[in-house]
Amino acid sequence: MKEKKTLTIRDIADAAGVSPATVSLVLNGKGDISGVTRARVLEAVANLNYVPRATKSSSEPGETLRFLKIAKHGHTVNRDHSVFISDYIDGMSAEATRRNYTLEVVSFEGQPISSVAESLAGAPISGVIALGTELTEADIRLIQGLGLPTVFIDTFYDVIDANFVDMNNEDAVYKVLSRFQRQGFRRIGFVASHVDTTNFRLRRDAFFKNMARLGLKPREEDIISLESTYDGAYSDTRALLQSGIELAECYFCTNDIIAYGFIRALKEFGIRIPDDVSVIGFDNLPQSATMEPSLTTIEVSKRKIGYLAVTVLDDLINASELQPSVKILVGADLVVRASDSRGEKQPTGGRSGKTATAKLPAD
C-alpha cells in the first residue's frame, strides 16, 4: 500500500502558481504580497487541506485561543448586538481561563474573508473560535481548510465537515408558535428578514415546519420581510403600514432588533401591543425587558455556547488523532413578558377586540 505523501510548501506553490518563498511569506503574514496572490495561495491551502507545521494541533495548555469577531456586512453583527457578542466572550473567557488558555479577541469589520484567513496563517495560536453569523458556506470552508483546530458559533451547517455550536432554532420557534396556539390565535404572522444569515434561514424554515406540526396554516400575506437593523425594520414596517397591509393577530419576529423597529412603527400607527397585535422576538437582549411594552422573547444561553465552543476546541487541540466533526445545538427558553401576555385562551376561540386592518393612517 502506498504511503500518503506529506504535503509541502512546494506543493502549495505549484497549485497556486507562485514560488515557495511567496507561499512562506503568505503563511507567515509577511511580505508585500498582493491581495490577489494571497487569496490564490490561501485557496490552494484550503483545497489541499495543508496544515502548516506551526499550526498543528499539538499545543500545550497555557497557549492562546483566538476568537474572530467577523462582521462582513454589519447588518447583524453590529453595536445593537454588542451585548449578545460579549455574552459569548464571557462564556469563552471563563472556560479558557479554567483550562489554562489565554483568549484573545480579534475583530474584522467589512474586510474580505481572505484577510481573516491571512491573519491565521502561521499565527502563534492553538485554536480558533469564529463568529459565523455573517459567514457563507464558502467562508467557513476557507477558514476550516487552513488546518487549525476551529469551532464556529452562531451558525450551523449539516453538510460541512466542521465544528459548530449554535442555538436550536427549531426547538425555539416551536415554543413560540405553541404559545400563540395556546392563546387561541390562528392567524399567526412571521417577520422575516431579507438579510441572508444561516440562523435567519433556519428560523424561517422552523416557522413553516412547526406551523405544519401544530396543524396551523400560514397565510402568504402574513409573512413579511424587513431589513435586520432597528432603523431599517422600522422604516420597512412604516412603508408596509402606509401601503394598507392587513395585520395578522400575532407575529414572531426573527430577532429582537427587528421586533423593536416593528413595534415602534405599529405604535406610531395606533396599533396597541398586545391588545391589537401580539409580538414575540428572539435573543432576549437587555432592552427587551425595559421597552414599552416589555418584549416576550426567546432566551438562549450565549455563555453556554461560548463555554461549549472552548470545550470542543480543547478536545481538538489535545486529540492524538483526527477527530470527527462535532455539531452541538443549545436549547432555548421562552421569556414571557407584556408584548403577548393577555393570558392563554382555549383553542376554539380567536382573538376578540380590535383587529388592525388595511389603510392605516400615517402620523
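Look a little higher up for the structure.
None of the values given here were measured: they were computed from a predicted structure.

Turning our attention to the overall build of the chain. Each helix and strand counted, the chain has 12 helices and 12 strands in total. A fraction of 75% describes how many contacts in the chain between residues 6 or more apart in sequence connect residues 24 or more apart. When the accessible area of the chain is evaluated, it comes to approximately 16,100 Å², of which 49% is carbon and sulfur surface.

The subject of this paragraph is the sheet that holds strand β9 (residues 278-280). Taken in spatial order, the 4 strands make up an open sheet running β7-β6-β8-β9, and their pairing is parallel. With partners counted over all chains shown, the strands left at the sheet margins are β7 (223-226) and β9, one partner each. When the angles between neighbouring strand axes are averaged without regard to direction, this sheet yields 25°. The sheet contact formed by strand β6 (residues 188-193) and β7 spans 4 bridges and is parallel. Considered in β7, the bridge of F190 is made with I223. The strands that helix α10 (residues 256-268) touches are β6, β7, β8 (250-253) and β9; relative to β6, the one it contacts most, it runs at about 120°.

This paragraph deals with the nonpolar core. Within the largest apolar cluster, 75 residues are counted, with the highest numbers of intra-cluster contacts made by I153, F180, I188, F207, F262 and V279. Residue contacts for F180: discarding those within four places in its chain leaves F185, I188, C250, Y251, F252, S278, I280 and D340. In terms of nonpolar packing, the next biggest core, distinct from the first, is built from 36 residues, V45, I70, I113 and F164 among them.

Here the focus is the side chain of D314. Take D314: it is sitting in helix α12 (residues 302-318). Reaching out from D314, the side chain makes a polar contact with the side chain of Y101 at a distance of 2.6 Å. A distance of 2.7 Å separates polar atoms of two side chains, one belonging to D314 and the other to N318. Beyond its immediate stretch of four places on either side in the chain, D314 contacts R99 and Y101.

Moving on, we come to the pattern of salt bridges. Throughout the structure, instances matching the rule amount to 21 salt bridges. Taking the shortest distance from any N to any O, the salt bridge between R99 and D314 comes out at 2.6 Å. In this pair, R99 is assigned in the loop between α4 (82-98) and β2 (102-109) and D314 in helix α12, connecting sequence segments 215 residues apart. A salt bridge links R201 to D196; the shortest N-O distance between them is 2.4 Å. The exposure class of R201 is partly exposed, given its relative accessible area of 35%. Since its relative accessible area comes to 52%, D196 is described here as exposed.

At a closest axis distance of 8 Å, the pairing of helix α1 (residues 9-16) and helix α2 (residues 20-27) adopts a crossing angle of 105°. Taken together, the axes of α1 and α2 lie roughly perpendicular to each other. Contact residues: α1 offers I9, R10, I12 and A13, while α2 offers P20, V23, S24 and L27. Here the residues of the contact of α1 with α2 sort into 6 nonpolar, 1 polar and 1 charged.

A few words now on the packing of helix α9 (residues 230-242) against α10. Two elements in contact, α9 and α10, have axes whose closest approach is 7 Å; the angle formed by their N-to-C orientations is 40°. Relative to α10, the element α9 is oriented oblique. For the pair α9 and α10, the sense of crossing is right-handed. Between α9 and α10, the contacting residues are Y230, A233, Y234, T237, R238 and L241 on the first element and I257, I258, Y260, G261, F262, R264, A265, L266 and E268 on the second. For the contact of α9 with α10, a count of residues per class yields 10 nonpolar, 2 polar and 3 charged.

Here we come to the packing of aromatic side chains. For any two aromatic rings, the description comes down to two numbers: the centre-to-centre distance and the angle of the planes. Throughout the structure, instances matching the rule amount to 9 aromatic pairs. An angle of 35° between the planes, with centres 5.8 Å apart, marks the rings of F152 and F164 as tilted. Taken as a pair, F152 in strand β4 (residues 150-153) and F164 in strand β5 (residues 163-167) lie far apart in primary sequence, 12 residues in all. By the burial criterion, F152 is buried, and F164 matches it. Consider the rings of F190 and F207, whose centres lie 4.9 Å apart with planes at 15°: the pair is stacked. Here F190, found in strand β6, pairs with F207, found in helix α8 (residues 198-213); they are 17 residues apart in sequence, far enough to count as distant. Each member of the pair, F190 as well as F207, carries the same accessibility label: buried. One aromatic cluster in this structure is built from F190, F207, F208, F252 and F282. For R203, the ring lying beneath its charged end belongs to F282, and the centroid distance is 3.7 Å. Sitting above the plane of the Y234 ring, R264 keeps its charged end 3.7 Å from the centroid.

Once that is clear, we can look at α2. Those residues of α2 not exposed but buried are T22, V23, V26 and L27. For α2, the angular spread of buried residues about the axis comes to 130°, placing them on one side.

Glancing now at α4. With 17 residues, α4 extends 24 Å from end C-alpha to end C-alpha; this agrees with the ideal 24 Å at 1.5 Å per step. Looking only at α4, the buried set comprises F84, I85, D87, Y88, G91, M92, E95 and A96. When α4 is viewed along its axis, its buried side chains cluster within an angular range of 160° and face the same direction. Pointing more than 90 degrees away from the buried face of α4 are the exposed residues T97 and R98.

Rules used throughout
Here, residues in each chain are numbered from 1, in the same order as that chain's written sequence. A pLDDT threshold of at least 70 governs which residues receive local features in this predicted model, and a stricter bar of 80 or more applies before side-chain atom pairs are shown or counted, although totals over entire chains, interfaces and linings include all residues. Hydrogen atoms and water are omitted, and side-chain values are computed over all heavy atoms in the structure. What counts as a helix is a DSSP run of H or I of at least four residues, what counts as a strand is a run of E of at least two, and both are numbered from the N terminus. Contacts are assigned to residue pairs with any non-hydrogen atoms lying within 4.5 Å of each other. All accessibility values rest on the Shrake-Rupley procedure with a 1.4 Å probe; residue burial counts only the protein chains present in the view. A pair of strands is considered paired only if DSSP assigns at least 2 bridges between the two. Between N-to-C directions, angles cover 0 to 180 degrees, with each direction set by a line fitted to C-alpha atoms, over the stretch in contact for helices. For this analysis, a nonpolar core means a set of buried residues of the types Ala, Val, Leu, Ile, Met, Phe, Trp, Tyr and Cys, connected via side-chain atoms within 4.5 Å. Buried, partly exposed and exposed residues are distinguished by accessible area as a fraction of the type maximum, computed with a 1.4 Å probe on protein chains only: under 20%, between the cut-offs, and over 50%, respectively. The definition of a polar contact used here is a pair of N or O atoms within 3.5 Å, where within protein one atom must be able to donate a hydrogen and the other to accept one, and adjacent residues in sequence count solely through side-chain atom pairs. For this analysis, a salt bridge means a side-chain nitrogen from Lys or Arg found within 4 Å of a carboxyl oxygen belonging to Asp or Glu. Throughout this description, any angle smaller than 35 degrees is read as roughly parallel, any larger than 145 degrees as roughly antiparallel, any in the 65 to 115 degree range as roughly perpendicular, and the remainder as oblique. All residues other than Ala, Val, Leu, Ile, Met, Phe, Trp, Tyr, Cys, Pro, Asp, Glu, Lys and Arg, Gly among them, are scored as polar; the first ten of these are nonpolar and the last four charged. Each crossing is labelled by how the near helix is turned from the far one, with a counterclockwise turn of less than a right angle marking it left-handed and a clockwise turn marking it right-handed. Note on aromatic pairs: the rings of Phe, Tyr and Trp (six-membered ring only in Trp) are paired at centre separations within 6.5 Å, and the planes decide the class, stacked below 30 degrees, edge-to-face beyond 60, tilted for the rest. Two limits define a charge over a ring: the Lys NZ or Arg CZ must be within 6 Å of the ring centre, and within 35 degrees of the ring normal. As used here, the arc belongs to the directions running from the helix axis to the C-beta atoms. Residue count minus one, scaled by 1.5 Å, sets the expected span of a helix.

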